[in-house]
Amino acid sequence: MIYLDQAASSFPKPPEVVQAMTEAITEYGANPGRGGHALSKRADDTIRRTREQLAAFFGFDLPDRVCFTSNATSALNQAIKGFPFVEGDHVLTTSFEHNSVRRPLEYMKKTTGIVIDYVNTGESEWFDLEAFKSNITDQTKMIVITHGSNLTGKKLPLDVIGAVARQKQIPFLVDASQTAGVLPIHMKEMNIDMLAFPGHKGLLGPQGTGVLIVGEGIELTPLHHGGTGSRSELIDQPDLLPERLESGTLNTPGIAGLLAGLEAVKRMGLDTISEHEDRLVSQLINGLKKIDFVHIYGPEHDRLGVVPFTIAGIDSQEIAIILDQHYNIAVRAGLHCTPLGHESIGTIEHGTVRLSVGPYNTKEEIEKVIRAIAQIVEGYFG
Ligand SMILES: Cc1ncc(COP(=O)(O)O)c(C=O)c1O
């Protein structure tokens, strides 16, 4: 099997992740923070260390404001639906947002009356800051952007957008689903107020893990209420983070796996990972460009490890099925949860086939994928 669906979930995981999760289950599978016994303390210690390591990795110095969720979607829901919006507040975002940003925003539009502007940030490397800025109004209460598009692989300049947000004193929420563990992110230097990301993609951790880092001064209403293992005498949810946003038992084995994934990423180094992915992407693009009827979307250079393409007039699902069943190549087809993005690049009707690479993919695999796509085109068009 050649796995090129890394943008959905990374696979395989480093062996240390499996080992850390097995250890958490077999050696200290107790409830963290709910008891003072040794096993509970060990579970709690893993969770505390993971918060500290994540805070340090993302240039943030308050580990207690690193809140665990079950995926990026739940982190983004908490950040958007928990934000103290009132009717008439304006949110500036892009047309390349995943549904896990767009749907909570649209929900807030219906229930609270916020106003949303989706700026089309385009397909090329170029980011038009002036056009983006021109949408800011006196009512803009949040800027939310996806750092790297899961559709086109386009990266947005967090530092530049963060500087604008800070200058205008607008809270800045970043969806780092495609970039955490791939590109450097420094919350303090980039003026990021809230950072949401999954543990199961670039950070090489298991599914069932996600994180919301909540900057100082941001007060969120919890989406869940319940046991926190602290201040149990209170009727209301405690004010303190992380408990305020973490009701119920945490996913200790998942978090142990996430810590091991993060350590593997640090050992490999972000530069090494992104240089490797860049090489595979160039190889893919150069190979696909030579095949008639194939159209590639997204920036020519400087993109994430994501390459979407279409084959003239053929439904993307059909191509993905052939790749899976005849060539044992796993890819993703369809709209990738970003329908507005597809409208922006003109692929809403048939979707795209998305090839996405990770640190364990090889150039030999990419060669085979290019050959398979050439054969598929040959089969259709002769
Ligand atoms: C840009 C982007 N945002 C959010 C998500 C949602 O992530 P999760 O599946 O962890 O909820 C994804 C997943 O593909 C994504 O690519």
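Up top is the structure these notes are about.
Residues numbered from 1 in each chain as written. Predicted model: local features only at pLDDT ≥ 70, side-chain atom pairs only at ≥ 80, totals over all residues.

Trainee: An account of the overall build of the protein is requested, with residue identities and associated values reported.
Mentor: On a plain count of helices and strands, the protein comes out with 11 helices and 13 strands. Oriented by its inertia axes, the alpha-carbon framework of the protein measures out at about 75 × 55 × 30 Å. Counting the 382 residues in the protein, one finds 47% classified as buried. Considering only contacts in the protein between residues 6 or more positions apart, those separated by 24 or more positions represent 72%. (Helix = DSSP H or I, 4+ residues; strand = E, 2+ residues; numbered from the N terminus. Buried ≥ 20, exposed ≤ 12 C-beta atoms within 10 Å, placed from the backbone. Contact = placed C-beta atoms within 7 Å.)

Trainee: With reference to specific residues and values, describe the nonpolar core.
Mentor: If you look at the biggest cluster of nonpolar residues, it comprises 61 residues, and the most contacted ones within it are A79, M194, L195, A196, V211, L212 and I213. Ranked by residues supplied to this core, first place goes to helix 7 (residues 252-268) with 7 residues. Those residues in contact with I213, other than ones at most four positions away along the chain, are F58, F60, R65, V66, M187, M194 and L195. Counting 29 residues, the second-largest nonpolar core is a separate cluster that includes A7, L280, I319 and V357. (Core = buried A, V, L, I, M, F, W, Y, C linked by C-beta atoms within 7 Å.)

Trainee: With reference to specific residues and values, describe the sheet that holds strand 13 (residues 352-356).
Mentor: Within the open sheet, the 4 strands sit side by side as 9-10-13-12. Their pairing is antiparallel. The open sheet terminates on both sides in strands that have one partner only, identified here as strand 9 (294-296) and strand 12 (332-334). Averaged over neighbouring strand pairs, the angle between their axes works out to 30° when direction is ignored. (Pairing = 2+ DSSP bridges. Axes fitted to C-alpha atoms, helices over the stretch in contact; angles between N-to-C directions.)

Trainee: Can you lay out the packing of helix 8 (residues 270-289) against helix 11 (residues 363-381) for me, pointing to particular residues and giving the numbers?
Mentor: The contact between helix 8 and helix 11 brings their axes to 10 Å, and the two run at 20°. For the element pair helix 8 / helix 11, the angle class is roughly parallel. Handedness of the crossing formed by helix 8 with helix 11: right-handed. Facing helix 8, whose interface residues are L280, Q283, L284, G287 and L288, helix 11 presents K363, I366, I370 and I373. (Parallel < 35°, antiparallel > 145°, perpendicular 65-115°, else oblique. Left-handed = near helix turned anticlockwise from the far one by under 90°.)

Trainee: So what about helix 9 (residues 316-327)? Which residues, and what values?
Mentor: Its 12 residues place the ends of helix 9 16 Å apart at the C-alpha level, agreeing with the 16 Å of an ideal helix rising 1.5 Å per residue. Three or more residues of helix 9 are buried, namely S316, I319, A320 and L323. One side of helix 9 carries all its buried residues, which in axial view fall inside an arc of 100°. Exposed residues pointing more than 90 degrees away from the buried face of helix 9 are listed as I321, Q325 and H326. Structurally, helix 9 contributes buried residues whose contacts are with strand 10 (306-311), strand 11 (329-330), strand 12, strand 13 and helix 11. (Expected span 1.5 Å × (residues − 1). Arc of directions from axis to C-beta.)

Trainee: Tell me what's going on with the sheet that holds strand 3 (residues 90-94), and back it up with residues and numbers.
Mentor: With respect to topology, 7 strands assemble into an open sheet ordered 2-8-7-6-5-3-4, the strand pairing being mixed. In this open sheet, the two edge strands, each paired with only one partner strand, are strand 2 (66-69) and strand 4 (115-119). Going across the sheet, the axis of each strand differs from the next one's by a mean of 15°, ignoring polarity. Relative to strand 8 (residues 210-214), strand 7 (residues 194-198) runs antiparallel, the two sharing 5 bridges. The residue bridging M194 from the neighbouring strand is V214, located in strand 8. Packed onto the sheet, helix 4 (residues 99-112) meets strand 3, strand 4, strand 5 (140-146) and strand 6 (172-175) and runs at close to 160° relative to strand 3.

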